[in-house]
Amino acid sequence: MLQLQHQPVADGAIPMTEAEICEKVLGQRSGYVKGLGFGPKPVSFSKSRCLSSEHEVELGNKLIETQLLVETQQQQLKTQQDRIDELEAPIRNQNQQQQQQFEEIMRHLQSSQRSS
């Protein structure tokens, strides 16, 4: 293989690619991945089906895990929103009281200006 790779190339000729050299030295064999050269043999159908099944189980477990996480976070969010509502209620009441007091003061000022 190395001899073929290092052979001088005639002027204008195209040097052989690595895949062509491999094919010339090793010959063509079934099991090689066509178009990908002389790399690893493809995974058998039964093995790929087994790997696919394992992958589906793993994805299913991750889906369940993610759904539980989402449920937990939704419950936490609802609890936090309820707490926010509890804390805002007294503030709203206080704002209403202050608004009423302000309006009463403004009416008193307006009436005192008219009488002067």
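Since the model is a prediction, treat every value here as computed from it, not as a measurement. (Residues numbered from 1 in each chain as written. Predicted model: local features only at pLDDT ≥ 70, side-chain atom pairs only at ≥ 80, totals over all residues. Heavy atoms only, no water.)

Even after reading the chapter, I still don't get the overall build of the protein chain, so can you show me in this structure?
Each helix and strand in the protein chain was counted, giving three helices and zero strands. Burial status across the protein chain gives 3% buried among its 116 residues. For the protein chain, the accessible area works out to roughly 10,900 Å², and carbon and sulfur atoms hold 54% of it. (Helix = DSSP H or I, 4+ residues; strand = E, 2+ residues; numbered from the N terminus. Buried < 20%, exposed > 50% of the residue type's maximum accessible area, 1.4 Å probe, protein only. Areas by Shrake-Rupley, 256 points an atom, 1.4 Å probe, with all protein chains shown as cover.)

Got a minute to help me understand the pattern of salt bridges in this structure?
Any two side chains of opposite charge can pair, on the condition that their charged atoms come close. Counted under the stated rule, the structure contains four salt bridges. For the salt bridge of Lys 78 with Asp 82, the shortest nitrogen-to-oxygen distance reads 3.2 Å. One end of the pair, Lys 78, and the other, Asp 82, are both in helix 3 (residues 45–115), four residues apart, so they sit about a helical turn from each other. Arg 83 serves as the salt-bridge partner of Glu 86, at 3.2 Å between the closest nitrogen and oxygen. (Salt bridge = Lys/Arg side-chain N within 4 Å of Asp/Glu carboxyl O.)

Help me understand a nonpolar patch on the surface, please; the structure alone is not making it clear to me.
Where nonpolar side chains cluster on the molecular surface, the patch consists of Phe 102, Ile 105, Met 106 and Leu 109 and spans about 370 Å² of accessible area. Mapped onto the fold, Ile 105 is located in helix 3. (Patch = residues over 30% accessible without salt bridge, like charges linked within 9 Å, V, L, I, M, F, W, Y side chains within 5 Å.)

Honestly, the confidence of the model for the protein chain in this entry has me stumped. Any pointers?
Parts of the model with low pLDDT should not have their predicted coordinates read in detail. Mean pLDDT over the protein chain works out to 80, with 62% of the residues at or above the 70 mark. Highest mean pLDDT in the protein chain belongs to helix 3 (90); lowest belongs to helix 1 (residues 2–6) (64). (pLDDT = per-residue confidence, 0-100.)

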